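# Examination of the molecular architecture
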Amino acid sequence: PPPLAPPPRHPPPRPPPPRRKNKAMMKDSAVLFALEYRPAYWWFEVWSLVRRFFLTALLLVFETLESCTLYVLFAVLGMLVLEREWSANLDAYLVNIQYTLNLQILFAVLYMLLLDAGMLDGELAAEDTTGLTTLPVFISACLLVFNITLVAAMGVAARLTIAKDAKMQDRLDKLHDQVVIDKQEDKDRFTQAWKKLVLTGGPNDERRLLRTLEQLAKQTAIGGTGKQPTPQQDTKIASVDHLLEQADTVSATFHEQLKAIVKQCGGEYQPGPNKSRARAVEKMENDYDGDHTKLVDIVRASG
């Protein structure tokens, strides 16, 4: 076969390893606070501390109740919008919890504004004699029902999330066990194939094979380091959506040609589904710092 194209004269630097696999970075205890958030929002834990300062200690600056209440109202509204837009946490469930808690703070401030304005003094109906339908009681009851419903919904969502995570963990454990078995089987098959080459091949065939592989590795290595360049998509692919479209276009041809090679070698071929957009974006954000060109496993199969 023709030799592989040599690497460029000035190859690009190797990308950093995924965040949780970077041992040097993981030694820093402060890093653990950033790993719960998307890479672009590694600073979000600092923002959480600043937010607490804005809603507690900074209130002492205001001398009147009116100015303090207005400040809290605008601060909570701003934080509500910002955190909803950022959605910084990797766990979507925690994002929703933060949004819900911000809503509760906002409702509490609005309720205090109604109390201070004296808008909760009248009765809903003049003929009422029980006193149970006064406006303050009605609004307070509505807020109580809302909060109970909100907490109940959060509890149900938490149970569903925990059950989903447990199911996924079980699947991952089974997949891990199967991978261990497959690796051992591959190792045994390789050992058998190598013994067969040594026993039935021509003189020094195994040495020629090793020399050929060594030459191929040197041709594709980065500079004189011996390290192989990281596979990467064409830079003309502008976005992850464009990449997924390209994958849909070539997947049929890819499976057809690869299946022919596997069948020719006496193997079995099992095409897999293309990686979904949600999974592609998750991997791009978590492992490749948002670089979609490093996604090289959109079309998948096993053989």
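Residues numbered from 1 in each chain as written. Predicted model: local features only at pLDDT ≥ 70, side-chain atom pairs only at ≥ 80, totals over all residues. Heavy atoms only, no water.

## Structural notes on the packing of aromatic side chains
Evaluated as defined, the whole model comprises eleven aromatic pairs. Both rings, one in phenylalanine 190 and one in tryptophan 194, keep their centres 6.3 Å apart while their planes meet at 20°; by these two values the pair is stacked. Here phenylalanine 190 and its partner tryptophan 194 are both found in helix α6 (residues 135–200), four residues apart, which amounts to about one turn of the helix. The class for phenylalanine 190 is exposed, based on a relative accessible area of 58%. Judged by relative accessible area, tryptophan 194 falls into the partly exposed class, the value being 27%. Taken together, the ring pairs connect Tyr37, Tyr41, Trp43, Phe44, Trp47 and Trp86 into an aromatic cluster. (Phe/Tyr/Trp six-rings, centres within 6.5 Å; stacked < 30°, edge-to-face > 60°. Helix = DSSP H or I, 4+ residues; strand = E, 2+ residues; numbered from the N terminus. Buried < 20%, exposed > 50% of the residue type's maximum accessible area, 1.4 Å probe, protein only.)

## Points about helix α4 (residues 65–86)
The first and last C-alpha atoms of α4 sit 31 Å apart over 22 residues, in line with the 32 Å expected at 1.5 Å per residue. Contact partners of the buried residues in α4: α3 (44–55) and α5 (92–116). One or two residues past the end of α4 sits serine 87, with phi positive at roughly 45°. (Expected span 1.5 Å × (residues − 1). Contact = heavy atoms within 4.5 Å.)

## Here's the deal with a nonpolar patch on the surface
There is a patch of nonpolar side chains on the surface, built from Met168, Leu172, Leu175 and Val179 and spanning about 360 Å² of accessible area. Along the chain, leucine 175 falls in helix α6. (Patch = residues over 30% accessible without salt bridge, like charges linked within 9 Å, V, L, I, M, F, W, Y side chains within 5 Å. Areas by Shrake-Rupley, 256 points an atom, 1.4 Å probe, with all protein chains shown as cover. Salt bridge = Lys/Arg side-chain N within 4 Å of Asp/Glu carboxyl O.)

## Observations regarding empty space enclosed by the protein
Using the criterion set out here, one finds one cavity of 30 Å³ or more in the structure. What the largest cavity holds in volume is close to 30 Å³. Glu83, Arg84, Val95, Gln98 and Tyr99 together form the lining of the largest cavity. Elements that contribute at least two residues to the lining of the largest cavity include exactly α4 and α5. Tallying contributions element by element places α5 first for the lining of the largest cavity, with three residues. A class-by-class count of the residues in the lining of the largest cavity yields two nonpolar, one polar and two charged. (1 Å grid on protein atoms, 1.4 Å probe; cavity = no way out; pocket = protein on both sides within 12 Å on 5 of 7 lines; lining within 4 Å. Points joined across faces, edges and corners; volume = space filled by probe spheres on them. Nonpolar A, V, L, I, M, F, W, Y, C, P; charged D, E, K, R; others polar.)

## Considering the environment of cysteine 68
Mapped onto the fold, cysteine 68 is located in helix α4. Put simply, cysteine 68 and leucine 58 are ten residues apart on the chain and 9.5 Å apart in space, counted from C-alpha to C-alpha.

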